[in-house]
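Inside the fold
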Amino acid sequence: MSKQKLAECLANVKAGGALVHNITNYVTVNDVANVILASGASPIMSDEPKDVEDITTICGGLNINIGTLNEKTIEAMYLAGAKANELGHKVLLDPVGAGASALRTDTANGLLKKVKFDVVRGNVSEIKTLVAGVGTTKGVDADAADAVTEDNLDEMVAFTKAFAAELDCVVAITGAIDLVADKDTCYVIRNGVPEMGRITGTGCQLSGMMTGFLVANPDAPLEAAAAAVCTMGLAGEIGLSRQQPGDGNSTLRNRIIDAVSNMTPEQLADGAKFEVK
Amino acid sequence: MSKQKLAECLANVKAGGALVHNITNYVTVNDVANVILASGASPIMSDEPKDVEDITTICGGLNINIGTLNEKTIEAMYLAGAKANELGHKVLLDPVGAGASALRTDTANGLLKKVKFDVVRGNVSEIKTLVAGVGTTKGVDADAADAVTEDNLDEMVAFTKAFAAELDCVVAITGAIDLVADKDTCYVIRNGVPEMGRITGTGCQLSGMMTGFLVANPDAPLEAAAAAVCTMGLAGEIGLSRQQPGDGNSTLRNRIIDAVSNMTPEQLADGAKFEVK
Amino acid sequence: MSKQKLAECLANVKAGGALVHNITNYVTVNDVANVILASGASPIMSDEPKDVEDITTICGGLNINIGTLNEKTIEAMYLAGAKANELGHKVLLDPVGAGASALRTDTANGLLKKVKFDVVRGNVSEIKTLVAGVGTTKGVDADAADAVTEDNLDEMVAFTKAFAAELDCVVAITGAIDLVADKDTCYVIRNGVPEMGRITGTGCQLSGMMTGFLVANPDAPLEAAAAAVCTMGLAGEIGLSRQQPGDGNSTLRNRIIDAVSNMTPEQLADGAKFEVK
């Protein structure tokens with residue numbers, strides 16, 4: 001539970017060799033690929049049902065993101081998930097927009113029933129939708145009313161642990177305050193900057209990168225997930241600190257990925273801001 | 001018709017809350033999402049027929065871009081368009097490549113028949129194709145022979161107004177000189193820089209962002225569309241002014257989105273270059 | 001075979017007018033479009049079977065990249081390839097991930113049987129897969145064991161020429177050392193930097209840009225392909241030389257495309273590093 005452990009998780013990804021199969025949306029897919037490369041892992045994208053079983057077989061982890069799902073890619077998600085489970089690979093679900101449409105909610109719930117996930121990572125509204133089985137997410141951003149705050153922190157920590165217990169996996173709720181929990185332990189993480197909310201896909205990037213962390217740290221999924229969250233948040237802080245007058249959200253996007261590519265384990269140990277509850 | 005009105009249009013988008021459903025091409029979709037966020041609105045992408053009605057229901061506007069259409073996404077465009085019309089949402093058509101293939105021309109014409117649009121925005125060759133019902137667009141760029149120039153300006157203003165009258169909506173033809181018209185009034189806009197033509201998707205970005213302007217300014221579609229065009233063009237000027245030696249089209253792309261994210265209503269009022277005809 | 005010839009190839013693309021139809025993956029498509037524009041050519045993307053014949057008809061070249069293939073886009077590849085052959089257009093194959101899945105290997109082999117290509121460009125593992133008919137590529141990156149090195153250079157030059165002879169086209173194997181050969185002549189190119197390996201899609205970008213070089217230099221496919229490889233590699237060197245402290249792979253991606261957009265024929269002649277074997 002130490003900063004040293006998080007640093008080790010990053011060092012293990014930076015050492016290379018973690019290959020991540022992504023079935024992800026076409027909006028943010030390029031940034032997902034580049035941040036995975038920045039972290040030291042390697043991405044491959046495939047969403048054709050006839051292709052995904054072969055592709056996931058050669059990878060160590062599978063990142064399923066439902067951000068722009070369609071009938072064929074949903075079929076691919078189930079096939080790849082089953083194959084990854086069969087092979088004992090790490091599998092992550094990013095339920096983008098669960099609650100915003102019946103298809104997204106149903107797909108996320110269906111995947112949770114059929115596939116054993118190692119981590120489920122989403123914003124608070126998406127995760128609340130999964131817990132309730134239905135939801136009212138407004139688009140792909142979290143409802144402000146759902147936000148994790150200092151006031152409801154203990155309640156939300158308990159909520160996250162309870163859902164992790166139910167799913168028997170790690171649950172990561174990211175936002176202004178990030179919660180990463182298994183049934184017993186919750187990392188409360190305060191890295192990151194609000195400006196990340198004006199960049200599309202920082203959540204998608206985190207999910208892709210986190211899958212690489214899981215592959216590179218097979219015996220420590222909670223710490224791997226927490227380390228990925230701290231890495232992304234710290235990269236946001238570093239990226240923002242490097243902004244020049246006139247720079248905006250598009251350049252910040254680049255600077256955040258740059259910061260991941262340059263991040264050392266020592267830097268992460270110094271910059272990670274978390275407590276364990 | 002004043003600069004102050006354009007500034008108000010931008011201020012209303014910057015205030016937040018406009019949610020835009022995009023059915024758009026996968027080439028430029030990430031930049032479309034980031035420029036919508038830069039402007040203060042929020043994007044969501046969905047192009048699966050079974051998903052689009054739910055998604056468009058929770059949004060305020062729908063941006064339909066046919067840049068990489070396929071059979072399923074065409075079906076989604078019709079479904080989403082009908083639902084958006086039913087709910088009184090703002091709907092924009094970007095007929096990318098109309099004239100370059102029968103499928104694109106037919107899809108754009110078909111959508112114009114079945115869906116009531118608030119704005120149609122394209123390059124001059126695409127719009128001429130829609131008016132004629134057939135076309136000869138060379139790819140996704142306008143034919144030089146079609147360009148709006150100082151010499152044919154009055155004729156093209158009349159052409160734009162006439163098509164706006166026929167469609168009962170706002171028509172925006174963008175290029176070196178931009179024309180944004182309803183049946184009575186045409187904004188002739190001279191913002192922008194030629195270097196924007198060497199960046200993929202500045203037109204797609206404009207369409208996505210313009211839909212957010214329409215949502216945030218529901219009673220002033222002409223001024224909202226014109227304000228979006230001025231914002232994009234002025235951002236191009238600002239972006240170019242910030243280029244460093246060695247910078248090229250990829251960095252300019254970032255700087256333009258950055259300029260949108262930093263643009264204030266006052267800056268737009270100062271920088272907008274237009275006349276009303 | 002002189003540097004002057006390579007410079008002429010670049011000058012011919014920079015003169016404009018080369019229109020490239022891309023059926024390419026959604027991961028790197030935006031960068032492919034921007035680097036084609038940077039080089040002076042123009043891109044259009046289309047992968048719907050009902051659209052591709054019309055679109056390829058108005059272009060001068062077709063770039064087929066199987067990076068995120070699906071059943072519909074595979075059908076589109078065959079249709080567009082046949083039409084491009086019928087019209088005498090330049091056609092390039094980028095067999096992304098051949099060897100990583102049966103579908104990718106089979107599609108690449110099938111395309112090679114049905115479509116006459118002017119250039120096949122891939123990493124060494126992908127090309128070895130095509131030669132053997134089966135393969136063991138680990139994802140979308142080349143196996144280190146397959147790499148072209150100073151030690152196996154003569155053998156790999158012979159291998160590349162032999163495959164070029166078999167296919168009756170130009171074969172380009174890119175990596176730390178690049179080989180671009182027809183049956184008689186092989187360019188051994190030593191431009192580029194290792195950091196390009198941590199950016200997604202530099203290979204895809206090269207394939208798209210190379211297709212534009214082929215269109216603009218119809219009578220010199222070997223030199224056009226070699227010039228594109230030198231341009232991309234030199235852009236990598238220039239991009240890296242412009243990195244500032246804290247910059248990483250995402251910014252390098254932009255700087256490389258920027259360097260292509262600013263590259264002059266003289267600069268290419270000065271910077272190209274190759275020998276002819």
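Quick summary incoming for the structure in this document. (Residues numbered from 1 in each chain as written. Chains lettered and ligands numbered in written order. Predicted model: local features only at pLDDT ≥ 70, side-chain atom pairs only at ≥ 80, totals over all residues. Heavy atoms only, no water.)

Points about the nonpolar core
The line we're drawing: In this description, a nonpolar core means a group of buried Ala, Val, Leu, Ile, Met, Phe, Trp, Tyr and Cys residues linked to one another through side-chain atoms lying within 4.5 Å. With a 1.4 Å probe rolled over the protein chains alone, any residue whose accessible area is under 20% of its type maximum counts as buried; one over 50% counts as exposed, and the rest are partly exposed. We call two residues in contact when some of their heavy atoms are within 4.5 Å.
One finds V180 of chain A, V180 of chain B together with V180 of chain C to be the most contacted residues of the largest nonpolar core, which totals 164 residues. Non-local contacts of V180 of chain B, meaning those with residues more than four positions away in its chain, are made with V170, V171, A172, T185, C186, Y187, I189, L222, A225, A226 and V229 of chain B.

Section: the pairing of strand β7 (residues 178–181) of chain B
All names here are of chain B. The test is simple: Numbering of helices and strands starts at the N terminus; helices are DSSP runs of H or I of at least 4 residues and strands are runs of E of at least 2. Strand pairing is defined by DSSP finding a minimum of two bridges between the two strands.
Neither face of β7 is left uncovered, since the one carrying D178 and V180 and the one carrying L179 and A181 both have all their residues buried. Between strand β6 (residues 170–173) and β7, which pair antiparallel one after the other, the connecting turn spans 4 residues. Where β7 meets strand β8 (residues 186–189), 4 bridges bridge the pair, whose relative direction is antiparallel. Bridge pairing links D178 to I189 in β8. The turn joining β7 and β8, which pair antiparallel and follow one another in sequence, is formed by 4 residues.

Side note on the relation of the copies chain C and chain A
What counts, and what does not: The copies were overlaid with a least-squares fit restricted to C-alpha atoms from residues scoring a pLDDT of at least 70 in each copy.
Least-squares fitting of chain C to chain A yields an RMSD of 0.0 Å, with the superposition described by an axial translation of 0.0 Å and a rotation of 120°. Both copies are brought into coincidence by an operation consistent with a three-fold rotation axis. For chain C, the smallest separation between a C-alpha atom and the rotation axis is recorded for Y26 of chain C, amounting to 3.6 Å.

What about the interface of chain C and chain A?
Rules: Two parts placed together each lose some accessible area under a 1.4 Å probe, and adding up what both lose gives the buried area. When a carboxyl oxygen of Asp or Glu is within 4 Å of a side-chain nitrogen of Lys or Arg, the pair counts as a salt bridge.
With 32 residues of chain C at the interface, the matching set in chain A holds 32 residues. Summed over both partners, the interface of chain C with chain A comes to about 2,500 Å²; 44% of that surface belongs to carbon and sulfur atoms. The largest share of the area that chain C buries against chain A comes from Y26, E71 and R198 of chain C, three residues that together contribute 24% of it. The interface formed by chain C and chain A holds 4 salt bridges in total. Taking the shortest distance from any N to any O, the salt bridge between E71 of chain C and K50 of chain A comes out at 2.6 Å.

Concerning the relation of the copies chain B and chain A
Aligned on chain A, chain B shows an RMSD of 0.0 Å; the corresponding rotation is 120° and the shift along the axis is 0.0 Å. Take the interface residues of chain B: only 9% of them recur as interface residues in chain A, which is what a contact between different surfaces looks like.

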